[in-house]
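So you can see what is in the structure, the chains are spelled out below.
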Amino acid sequence: MRKLSLLLAISLFSILGHTNAYSHSSVVKTTPQYKSTLRALPEEISIRFSEEPLVIPGEVINSITVINPQGEVISDSFTEVSGKSLIVGISEGQSEKGSYKVRYRMASGDGHVISGNYEFYLGHPSEKISGKEKESAGDRQWWGEHFLHLHRDHIIYAAGVLVVAVGLLIWRRRAQSR
């Protein structure tokens, strides 16, 4: 029993230690939210991260780019860093209905660069889905997709801890039955 407890403790500390030692900044919140449907285009887009972005005077290393349904860049060329957030303005007069893509690039304090993208919709989610399907699909799927988008790494680490714990319990039962 003592060996099992020691093995479990070592396994958990090694998994948890690995995640902390190699953790990098991640997206905490997006405004507008991932796959949200808006009635009006916001004046700015912001993305909050788990760490403050690295700022090097005179260098552009953090950015947000917003692309309209026609594929045109509608965001300002300057992305502001405010605490743990990146913020970019949107050019006036841009309000076409459809899917908008937000692309981001952020360098964290350790120099690790993360980048990605997400969509939000103006007026309607997509031309691909219509009517009742659009409303019910958006209501059912948004939360799950948003949760997985933001917490994928946490789920993977939790699954790893669970696999180790179950493996140790099985090993213990087999050892006791001998």
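For the structure, see preceding data.
None of the values given here were measured: they were computed from a predicted structure.

With respect to a negative patch on the surface
On the surface, E43, E44, E80 and E92 cluster together into a negatively charged patch. By the element assignment, E44 lies in strand β3 (residues 44–49). E44 gets classed as partly exposed once you look at its relative accessible area, which sits at 45%.

Observations regarding the pairing of strand β6 (residues 85–89)
Consecutive residues of a regular strand have side chains that alternate between opposite faces of the sheet. Counting buried positions along β6 yields five of five residues, so the element is predominantly enclosed. Burial of the side chains of β6 extends over both faces: S85, I87 and G89 are buried on one face and L86 and V88 on the other. When β3 meets β6, the two strands line up antiparallel, connected through five bridges. Counterpart to I47 in the pairing with β6 is L86. Sheet topology places strand β5 (residues 80–82) next to β6; three bridges connect them, and they run antiparallel. Residue E80 lies in a different strand from β6, and its bridge partner there is I87.

Basis of the calculations
- Residues numbered from 1 in each chain as written.
- Predicted model: local features only at pLDDT ≥ 70, side-chain atom pairs only at ≥ 80, totals over all residues.
- Heavy atoms only, no water.
- Patch = residues over 30% accessible without salt bridge, like charges linked within 9 Å, V, L, I, M, F, W, Y side chains within 5 Å.
- Areas by Shrake-Rupley, 256 points an atom, 1.4 Å probe, with all protein chains shown as cover.
- Salt bridge = Lys/Arg side-chain N within 4 Å of Asp/Glu carboxyl O.
- Lys, Arg positive; Asp, Glu negative; His and termini not counted.
- Charge placed at Lys NZ, Arg CZ, Asp CG, Glu CD.
- Helix = DSSP H or I, 4+ residues; strand = E, 2+ residues; numbered from the N terminus.
- Buried < 20%, exposed > 50% of the residue type's maximum accessible area, 1.4 Å probe, protein only.
- Pairing = 2+ DSSP bridges.

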